[in-house]
Structures are given as C-alpha cells and as structure tokens.
Amino acid sequence: MLVCVILLLVSLCAQGGNGKDTQKPGHVSVVIVGGTGDLAKKYLWQGFFELYVNQVSSGYSFSFYGGGLSPVEKAKPVFFGILKAVTCPKDVSQERCALLKEQFLRLSEYRQLKTLEDYQDLAKHIEQQLQQEGLTEAGRLFYLSVPAFAYADIAEKINSSCRPVSGAWLRVVLEKPFGHDFRSAQVLASQLESSLKDEEMYRIDHYLGKQVVAKILPFRIENRKFLDPIWNKHYIERVEIVLKETLDVKGRIPFYDQYGVIRDVLQNHLTEVMTLLTMQLPVNLTSSEEVLQNKLQLFSSLLPIGKNQAVIGQYQAYKTQVQQELNVSKDHVSITPTFAAVLAHIDEAQFEGVPILLTSGKMLDERVGYARILFKNDIFCLQNHNSVHCKPKQIVFHFGHGNLQYPAILVSKNLFKPVYKDLKWKEVTEHKDVSILGLPVSDYYVQTPTEQKEAYTELISHIFAGHKNSFISTENLLASWGMWTPLLISIASSFPRIYPGGADNGDLLDVRLKGKEISYNSEVVIISNDPMSATTTKGFQVMQGKFRGSDMVSAWAEELVEKLAADLQEAAEEAVRESGVFHLALSGGSSPLALFHHLVLHHFSFPWRDTHVWMVDERCVPTTELDSNFRNVHDHLLQHVRIPYYNIHPMPVQLNQRLCVEEDEGALQYEKEIRRLVNGSSFHFVLLGVGYDTHTASLFPGSNLGEHGERLVALTESPAKPHRRMSITFNAINRAHRVGLLVMGKGKHEMITQLSRVKDNPEKWPITGVKPSDGRLVWYLDYDALLG
C-alpha cells in the first residue's frame, strides 16, 4: 500500500500538482498500432518492457497488444520475435530478468487492427478480461506508430469503440510528421480534435526525451544566480543548435523527398530546443500550462523567417537515389534539401540582435547533436594566450555522439561552476583527451546523467504518468508551423547547393552571418558541361563555358544573381576609374528583381553617385502604373540607393498628355539624350532578358527590325498588351561595352534549347541579333533554364 501511495504522489507531481488526471493504480491496456514496424522493433517494445519492469510491483497490472494490418497467422511470429529481443536494465539480475521477460511475453498478444469491427473486438476483449480477472481499469494507452495519414481514421475508431469506462484515462500517442505545413497541420489537428480531447493526445518528439534536452529548463533554474545576469544580448554572442548526421536517406526516399531536412528536423527537434533555451522560465516547472504559455510567447516574439534567413544544400548522391527509389527518369531533378542552416532572431529586449543558428544535414563529417551558447569575451590577453580567461566562454548542451560519445552539459571554466542538485546527474572529473567546440574537455565543468536512458523509454514513462511537458500541444504545433511555413514557401523553387558528402564537403557548407541574413561563405567555380556531375569540392555553385559562341555563366538562381551583381559592380568601378561615370541600361520584367534586391542589400559600395540609369525598353503606360518598367526599377532598386535624381533617365513615353504618339518624337528625344550624355552612345553595361518567343528589349519576332537603321531608340509593336512599346535598338545594344543576357526559370528551358541549335536570324529570333561590335556578350543562365 505504501508503494501505491508513493507512486500516486509522484504521478500527481508529474502532472503539475494541480489535481488533474489523478492517476490510481489499476489495469493498463497498451496497444501499439503498427506493432511490428521498424520504430516499434527498435524502440517502442523495449520502452514498454522497461515501463513494465519499473511498474510491475507498484499496484499496476498490464496487457500489451501489438496491432497491425497483417493477419494474425502472418504477423504473430514476427511480433513475438521482436518481444523476445527486449533487454533488462543493468540493475536487474539475470534470474529476475528471465522471469520478467516470460511474464511480459505472456501478457502480450498480436491482433489484426484493420476495420472498425477489429477495434470493437479489441474493446470487448479488454472488457471481458477486466471482468473475468476482477480488475479495476486505470487506463488505455494507444501508440499510433503508423503513417500520419492514418491518424484521423484510427482516432475515430478508438473514439467510437475503444474508450474506457468512466474514471479510467485514455492516452493516444502520435508520431511526427504532424502535417506538411501550417494548413495541413491545422486540418489534421481539427480532424483529431473531433475524436480526441487535447489532453488525451501525446504528440511525441523524441528529442524532448533526450536527457540533456529535458535538463535544459532545470539547469537554467538551478543556476539562475549565475545565468540571469548573462542570459541576454549584452553577453551572448550567438546561439547554435546543431544536428549533424553522417548517413544518407537511402531506403527512406519516398518519405524524405516529400519532407526534406527542414520539416524532418528543424521544424520540430531543433525548434523545441530553441524554445527551451530562450523562453521565459516558468515559476512552476511542473505546470504544463505555464510551460506551454511561455513557449507560445516566445513563438510570438520571433521575427519572420524568409529566404534570406536560410541556406539549403543537397548531397550529391541524392539525385541518383531519388531516381532509383521513386522510379523516375534520369532527367528528374529533386530540389528537396538534405542540409539547411537557418538564422532566427527574437524581437524582445532580452535577445534583440542575438543570432540563433539552427543547422542540420545528412552526409556530414560526423554524427553529433548539441546546443551551444557562445558568450562574448571582453578580456584580451596580450601575452598568455593560453590563459583560461582568453578561451571561449560557452555552455554546451551535448545531446550525444561526437567526440564526447555521452550526453553532457559542459560549462567552460571561465564562466562559472554549475550547481549539482539533481541526484540523477553527476560531475565528470576524469576526462578523455578530446576537444569540444574549440576547448579541451578538461577546460569545462562537465555533468552527465548517472544512468543513460533511451529517449523513447523516458517519454513512455512520462506518458504513463500523464506528464505532458515533454509533448507537443496543438497550440505549440501550430505556432511552430506558423514560424516555418513562410520559409518553406519562399524556398519551394530554390535549388540547393550540391555537396559531395562527408569530409569532402570541406568548407562548402560554411555560412556567413550578415546582420539578419545568412549566406554561404564560399563561392566556387566549376568548368564543366554538367553541374550535377562534379565530384570534387572545387565547386558546385557556378559553371562557366560557352553558349552560342559567347561567354556563359550558369548556377543555381541565388548564386547566379550573386555573380551577376558582382560582375556589374566590377564593370561600374572600372568605368568610373576610367571615365568618371558609369552608364547602365536596365530592362523590365521580373527576371532582374532578384538582382535589384541583391544590389540593395549587399552592394553598399556600388558607385551609385557616378552611375546613370537608362531604360532598355518601356511599355506605353504612365510611369506611375504597375505595368511600367520604370516603376518596377524605381520601386525595387532606385528608391533604395543613393543615386542623384538627375542621373535617372526614364523613357519619355508620355508627352503632351499622350502615350507614344509618333508626332511627339519621344523616341527621338530619348536618343538625343543618349547621344548627349553617353560617350559614343556606348553604354557601359546593357542588361537584357529573353522572352519565350526569343524577343529581347521590345524587339519582337516578325517586326521589320531592319528599318531602325542607325536609330538608337524606336517605337515598336508587341503581340501582347499594351501593344505599343519604346525600345533601344540593336544599334544601341551592339555599341555597348558589355551586354548581359539574364535568363531564369524552367519555363525558359525549351527556348534556350532551341536557341542552342538555330543560326542567327534576328527577324525570326530577335535575341540572335545581339552581337556587340567591340564589346563582350555574357549569357547568365540559371540551371532551371539551362538544364530544365
């Protein structure tokens, strides 16, 4: 009886001490749906066996059911083969272990759980057992180790047929993924809530069962007197949350290619760690309600995460694995990321400006997981650089693996000596000769669990006790998806950087933080015909070669824009050095927008004061309208840079309150302005695009382009509305010192393929008329356009 009372008190404390879900000993029925699957085989049955071992003498009795779609005669041998492989904790004697395993097997059975009738039969079986043996029911625990699409249907079957009688609890455990984005998570939550109460659902994130992760909040509370003064922007340089893996995803491609690394790891595991590190500490650590509210407050304070706050990568062999496992053609290219580094910021005074870096990837150099809080060091050692005061100041929550091999919390000795209140943790005083994040392990105070426990085993014990702090509530889940969905949308069509895998990655995945943005640190060049075939770390980013006899640069879209922006600034600086001025002609359309944004955000030294901006072409609409090319250039570039207003030259498409009327001579007026200001009428740089019909500027197929003669500017006709256009001519384009042709997007692949085969015929394919007489032509093609 004393044991029962003690267990009851422990259970009550674990629930937050609020008297809810008071748990009385009795009979517990455990049902693992998907009971012969991989997860059940690796972790779940071992975890439930250890639960049985720990609770067998506490007043509880158990029945265990493995459920699945397979018939009993087929699955039963597999099921019992799994159960026979479970092992006892180290402190259990060999004789007692044999007895416990025998009892566990006797209490277990496999049942086919496919139809509503199957679940009804299970419920009848449980109720008959309770009556026949005179047992009081404590509760029923269903663990859904099945694909997420089956959750709603199974939850409905449990709700309609398998609920316990009044007074007993029902707990249903759900494995990730919990949706694919905010909307799908919302739909799934709504479906589940029609069958189950929120307190009955235990969404499991096994990272919250890791002993070091579970210790983050207690550690922060135990060491408040040291941490409170320094846990803020004045002392923290940055926070890093890292999960590196050496394995690929071979064998899991059908799942992984739908989700990718951000959905698989960052949206759940690393996000949860981030909240534990940065949320406001609860007054009552055992109150799941207070912990949840503090997490939600943290989510509401996070700045939006978009494309500029993330870089993505994909290991080189992934493409082949996708083709093999999804049975797709060799032309199929998946852009699912297997690596991501994401930069987060919290918009609160405590952490304002502190970068939080969440990073994970497959096929990296080591298997390790950790969260690192790196503090600023305000001490400069002039001579004794090995002094403890000059070394990094950091706290490392080391989840496991890596050089250290065991879970631990490490505090560098130049910070403080942490408090050791928890008897389940011990200080490590004898150290291996290893280094952890730049410091020998002997330079840390190290604490580790007295007994290492597997995450699923820990979480199963929490489920049994009704302790919800280690699980994901509906509100928590939707808040997390609300944070990640905008980023996932923004990178949906972005190509990841290809990396070879393992040690060969070198510095290819190193990132650089600039303000609130993140980018890859290295730019590498490939001289190759196939960017996907490179086998060295010499580059997976930019390819250089020839296209239609002219120079070509090709890359993933982001890197291509970086390269074009760098080339443009180089041309500008050279022109200013030689002649004191840079004349730049820009085309309209959507292709240059990414270039404009990059120039604004990253090229602060661009010589805008000495730059004149001209228009390549213009629609005959007022320049204030959204269709205006000038409006496009103004809104996305000119209003954000310091360029003298008299250096900006919009085309005069509206004169005398009329649009592009021949008699108003707007084209001639623009030509005269060019001849007056531009030396030899030769622009230093002309940026062009190419339409699907191969038109460039506003020079369209079928037009009598030869009529323009020596004209620099002309009125032209477009097959699309608005039909009337003003455009510089081939004569103006081909006088330029340099012409850049920017072509981006899969939709342009067919056109680029066609252009690679045709001869020059400007009347039919206008772009073929671009041939600078004394200048240089460079094609800037992204991989979508080049490779399809």
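For the rest of this paragraph, the subject is the packing of aromatic side chains. Two numbers describe a pair of aromatic rings. These are the distance of the centres and the angle of the planes. Within this structure, the stated rule accounts for 32 aromatic pairs. Arranged with centres 6.4 Å apart and planes meeting at 65°, the rings of Trp 45 and Phe 104 form a pair that is edge-to-face. Of this pair, Trp 45 sits in helix 2 (residues 38-55) while Phe 104 sits in helix 4 (residues 94-106), and the two are 59 residues apart along the sequence. There is no split in this pair, since Trp 45 and Phe 104 are both buried. Put simply, the rings of Trp 45, Phe 49, Tyr 52, Tyr 60, Phe 62, Phe 64, Phe 79, Phe 80, Phe 104, Tyr 110 and Phe 464 pair up and form one aromatic cluster. For Arg 171, the ring lying beneath its charged end belongs to Trp 169, and the centroid distance is 3.9 Å. The ring of Tyr 520 has Arg 497 sitting right over it, with the charged end atom 4.0 Å from the ring centre.

What follows is about the state of the cysteines. Evaluation of the coordinates by the stated rule reveals 2 disulfides. Through a disulfide, Cys 88 is tied to Cys 97; the S-S separation comes to 2.1 Å. In this structure the cystine formed by Cys 88 and Cys 97 twists about its S-S bond by roughly 95°; its chirality is therefore right-handed. Pair check on accessibility: Cys 88 and Cys 97 agree, each one buried. Shown here is the disulfide that connects Cys 620 with Cys 660, its sulfur atoms set 1.9 Å apart. Linking Cys 620 and Cys 660, the disulfide has an S-S dihedral of approximately -90° and is accordingly described as left-handed. In this pair, Cys 620 is assigned in the loop between strand 27 (617-619) and helix 18 (629-636) and Cys 660 in the loop between strand 30 (658-659) and helix 19 (666-677), connecting sequence segments 40 residues apart.

Pro 177 follows Lys 176 through a cis peptide bond whose omega is 10°. Within the element layout of this structure, Pro 177 appears in the loop between strand 5 (169-175) and helix 7 (182-193). Across the junction of Lys 721 and Pro 722, the peptide omega takes the value -10°, indicating a cis bond. Mapped onto the elements of the fold, Pro 722 is located in the loop between strand 32 (713-717) and strand 33 (724-728). Despite not being glycine, Arg 548 shows a phi value in the positive range, around 50°. Position of Arg 548 relative to the elements: it lies in the loop between strand 23 (542-547) and strand 24 (550-555). Looking at Arg 548, the relative accessible area reads 25%, which means it is partly exposed. A positive phi angle, close to 55°, is found at Asn 656, a residue other than glycine. Mapped onto the secondary structure, Asn 656 falls in the loop between strand 29 (654-655) and strand 30.

Turning next to the pattern of salt bridges. One pass over the structure, following the stated rule, counts 36 salt bridges. A salt bridge links Asp 264 to Lys 176; its shortest N-O distance comes to 3.0 Å. Of the two residues, Asp 264 sits in helix 11 (residues 253-278) while Lys 176 sits in the loop between strand 5 and helix 7, which places them 88 residues apart along the sequence. Taking the relative accessible area as the measure of exposure, Lys 176 reaches 23% and is therefore partly exposed. With a closest N to O distance of 3.2 Å, Lys 233 and Glu 352 form a salt bridge. Of this pair, Lys 233 sits in the loop between helix 10 (224-227) and strand 7 (236-244) while Glu 352 sits in the loop between strand 9 (339-344) and strand 10 (356-361), placing them 119 residues apart in sequence. Looking at Glu 352, the relative accessible area reads 47%, which means it is partly exposed. When salt bridges that share partners are traced, they join Glu 237, Arg 238, Glu 240 and Arg 372 into one network.

Attention now moves to the pairing of strand 6 (residues 201-204). Burial along strand 6 is two-sided: the face carrying Met 201 and Arg 203 and the face carrying Tyr 202 and Ile 204 are both buried. Pairing analysis gives 4 bridges linking strand 5 to strand 6, with the strands arranged parallel. Residue pairing across strands places Glu 175 opposite Ile 204, the latter belonging to strand 6. Since strand 5 and strand 6 lie parallel, the crossover through helix 7 that links them has a hand, and here it is right-handed. Strand direction decides the pairing type here: strand 6 and strand 18 (residues 471-472), joined by 2 bridges, are antiparallel.

A few words on helix 12 (residues 288-301). The terminal C-alpha atoms of helix 12, which comprises 14 residues, lie 20 Å apart, in line with the 20 Å expected from a rise of 1.5 Å per residue. Listed as buried for helix 12 are Val 291, Leu 292, Asn 294, Lys 295, Leu 296, Leu 298, Phe 299 and Ser 301. Here the buried face of helix 12 lies against helix 11 and helix 15 (474-490).

In this section: the sheet that holds strand 33. Reading across from one edge, 27-33-32 is the order of the 3 strands in this open sheet, with antiparallel pairing throughout. Only two strands of the sheet have a single neighbouring strand rather than two, namely strand 27 and strand 32. Here the average twist between neighbouring strands, direction ignored, is 25°. In the sheet, strand 32 pairs with strand 33 via 5 bridges, with the strands oriented antiparallel. From the neighbouring strand, Thr 716 faces strand 33, where its bridge partner is Arg 725. Across the face of the sheet, helix 19 comes into contact with strand 32 and strand 33 while running at roughly 145° to strand 32.

Another aspect to go through is the packing of helix 2 against helix 4. Direction vectors running N to C along helix 2 and helix 4 enclose 115°, while the axes themselves pass 11 Å from each other. For the element pair helix 2 / helix 4, the angle class is roughly perpendicular. Crossing geometry of helix 2 relative to helix 4 is assigned as right-handed. Across the interface between the two elements, Trp 45, Phe 48, Phe 49, Tyr 52 and Val 53 of helix 2 pack against Arg 96, Leu 100, Lys 101, Gln 103 and Phe 104 of helix 4. Taken together, the residues of the contact of helix 2 with helix 4 sort by class into 7 nonpolar, 1 polar and 2 charged.

To continue, consider the sheet that holds strand 5. Strand order in the open sheet made by the 7 strands is 3-2-1-4-5-6-18, with mixed pairing throughout. Edge strands, defined here as strands with exactly one partner in the open sheet, are strand 3 (108-112) and strand 18.

This part takes up helix 19. Relative to the 16 Å expected for 12 residues at 1.5 Å per residue, helix 19 spans 17 Å between its end C-alpha atoms, a close match to the ideal helical length. Taken together, the buried positions of helix 19 are occupied by Gly 666, Ala 667, Tyr 670, Glu 671 and Ile 674. Within helix 19, the buried residues cover an arc of 140° as seen down the axis, which keeps them to one side. Exposed residues pointing more than 90 degrees away from the buried face of helix 19 are listed as Lys 672 and Arg 676. On its buried face, helix 19 is in contact with strand 26 (611-615), strand 28 (648-649), strand 29, strand 32 and strand 33.

Conventions adopted
Residues numbered from 1 in each chain as written. Predicted model: local features only at pLDDT ≥ 70, side-chain atom pairs only at ≥ 80, totals over all residues. Heavy atoms only, no water. Phe/Tyr/Trp six-rings, centres within 6.5 Å; stacked < 30°, edge-to-face > 60°. Helix = DSSP H or I, 4+ residues; strand = E, 2+ residues; numbered from the N terminus. Buried < 20%, exposed > 50% of the residue type's maximum accessible area, 1.4 Å probe, protein only. Lys NZ or Arg CZ within 6 Å of the ring centre and 35° of its normal. Disulfide = S-S within 2.5 Å. Salt bridge = Lys/Arg side-chain N within 4 Å of Asp/Glu carboxyl O. Pairing = 2+ DSSP bridges. Right-handed = clockwise from strand over helix to strand, strands pointing away. Expected span 1.5 Å × (residues − 1). Contact = heavy atoms within 4.5 Å. Axes fitted to C-alpha atoms, helices over the stretch in contact; angles between N-to-C directions. Parallel < 35°, antiparallel > 145°, perpendicular 65-115°, else oblique. Left-handed = near helix turned anticlockwise from the far one by under 90°. Nonpolar A, V, L, I, M, F, W, Y, C, P; charged D, E, K, R; others polar. Arc of directions from axis to C-beta.

Shape is all these values report; function is a separate question.
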